[in-house]
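# Fold and geometry: a report
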Amino acid sequence: RGISDLGAKFDTQLYEKEMFYIAVRITDDALVQEWQKASLWKGDHVELWFDVDLEGDFNVAKANSDDFQIGISPGNFKDIKPSIYCWLPKEKEGDIKGAKVSTKRTNDGYILEAAIPFQFLGIKLQRYTPEDYTTVGFTLLVSDTDEKEKTQKCMIGTASQYKWGNPTTWDNLTLSY
């Protein structure tokens with residue numbers, strides 16, 4: 001129903017070699033998040049996909065062990081706290097040790113800020129010259145759920161041809177100093 005129902009702006013910053021930082025400002029006329037851990041996808045949340053071996057499997061159209069699906073819940077600003085959960089790869093499924101998330105309610109939605117350890121993602125950054133960089137596959141999605149009894153009304157995202165679990169449909173993100 002338009003940008004007041006669901007809209008988003010985001011920014012990533014590389015402040016240090018240890019963490020990936022992201023901030024997302026979300027407009028949402030009805031914040032609904034009653035779920036936690038693996039079920040957080042049923043409510044409003046941000047989802048990040050990373051392909052950390054972009055060069056090695058550029059044309060592989062199925063998520064594998066170097067592809068990450070991470071959900072970030074804003075909580076519900078009452079009794080459910082913000083959280084970060086990894087669904088894929090299966091061997092890393094669960095809470096992400098060292099990850100941080102905070103949220104702030106706004107008049108038209110919320111602001112979500114998160115930090116994910118590069119070590120968890122298996123990304124090693126070098127800092128020798130300003131030209132040093134690492135490029136990964138990346139897509140950001142924002143999910144909207146407007147009623148507690150229903151799940152995930154819609155998702156919007158950065159990749160115009162996005163298909164679930166298909167890294168060849170994601171964007172690229174260059175991490176540099």
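Summary of the structure given here. (Residues numbered from 1 in each chain as written. Predicted model: local features only at pLDDT ≥ 70, side-chain atom pairs only at ≥ 80, totals over all residues. Heavy atoms only, no water.)

## Comments concerning the overall build of the protein chain
Looking only at helices and strands, the protein chain has one helix and eleven strands in total. Overall, the protein chain shows an N-to-C arrangement of helices and strands of β-β-β-β-β-β-β-β-α-β-β-β. Across the 177 residues in the protein chain, those meeting the buried criterion constitute 44%. In the protein chain, of all internal contacts separated by at least 6 residues, the share reaching a separation of at least 24 is 62%. For the protein chain, the exposed surface amounts to about 9,600 Å²; the carbon and sulfur share of it is 49%. (Helix = DSSP H or I, 4+ residues; strand = E, 2+ residues; numbered from the N terminus. Buried < 20%, exposed > 50% of the residue type's maximum accessible area, 1.4 Å probe, protein only. Contact = heavy atoms within 4.5 Å. Areas by Shrake-Rupley, 256 points an atom, 1.4 Å probe, with all protein chains shown as cover.)

## Some details on the pairing of strand β5 (residues 83-88)
Every other side chain in a regular strand lies on the same face of the sheet, so the side chains alternate between the two faces. Burial runs high along β5: five of the six residues are buried. Bridge analysis of β5 against strand β6 (residues 94-95) gives two bridges, and the strand direction is antiparallel. Looking at β6, one finds that Tyr85 is bridged to Asp95. Connecting β5 to the antiparallel partner β6 that follows it, the hairpin turn spans five residues. (Pairing = 2+ DSSP bridges.)

## Describing the packing of aromatic side chains
This structure, assessed with the given rule, holds ten aromatic pairs. Measuring from ring centre to ring centre gives 6.3 Å for Phe10 and Phe138, while their planes differ by 40°; the resulting arrangement is tilted. With Phe10 in strand β1 (residues 6-13) and Phe138 in strand β9 (residues 133-144), this residue pair connects regions lying 128 residues apart in the sequence. One aromatic cluster is present, built from ring pairs that chain together Phe10, Phe20, Phe50, Phe118 and Phe138. Here Lys92 stacks its cationic end above the ring of Phe120, 4.8 Å away from the centre of that ring. (Phe/Tyr/Trp six-rings, centres within 6.5 Å; stacked < 30°, edge-to-face > 60°. Lys NZ or Arg CZ within 6 Å of the ring centre and 35° of its normal.)

## Quick word on the pattern of salt bridges
Applying the stated criterion across every chain, the model contains three salt bridges. Across the salt bridge formed by Asp95 and Lys37, the nearest N and O atoms sit 2.5 Å from each other. In this pair, Asp95 is assigned in strand β6 and Lys37 in the loop between β2 (19-28) and β3 (45-51), connecting sequence segments 58 residues apart. With relative accessibility at 47%, the residue Asp95 sits in the partly exposed group. Taking relative accessible area as the criterion, Lys37 reaches 44% and is therefore assigned partly exposed. (Salt bridge = Lys/Arg side-chain N within 4 Å of Asp/Glu carboxyl O.)

## Considering the sheet that holds β2
On the basis of which strands lie adjacent, the open sheet formed by four strands has the order β1-β2-β8-β7 and antiparallel pairing. Every interior strand has two partners, whereas the edge strands, β1 and β7 (100-106), have only one. For this sheet the average axis-to-axis angle between neighbouring strands, irrespective of direction, equals 15°. With seven bridges joining them, β7 and strand β8 (residues 109-117) adopt antiparallel strand pairing. When the bridges of β8 are listed, Ser102 appears paired with Glu113. (Axes fitted to C-alpha atoms, helices over the stretch in contact; angles between N-to-C directions.)

## Re the environment of Cys154
Its place among the elements puts Cys154 in strand β10 (residues 154-157). Distance from Cys154 to Asp44, taken between C-alpha atoms, is 9.7 Å for residues 110 residues apart in sequence. Among residues more than four places away in sequence, those in contact with Cys154 are Leu6, Val142, Ser143 and Asp144.

## A short note on the nonpolar core
Soluble globular proteins tend to bury their nonpolar side chains together. Phe20, Val46, Leu48, Phe50 and Ile70 are the most contacted members of the largest nonpolar core, which has 29 residues in total. Elements that contribute at least two residues to this core include exactly β2, β3, β4 (67-73), β5, β8, α1 (118-121), β9 and β11 (171-176). Not counting the four nearest positions on each side in its chain, Val46 is found in contact with Val24, Ile26, Ile70, Gly71, Ile72, Leu112, Leu140, Leu141 and Val142. (Core = buried A, V, L, I, M, F, W, Y, C linked by side-chain atoms within 4.5 Å.)

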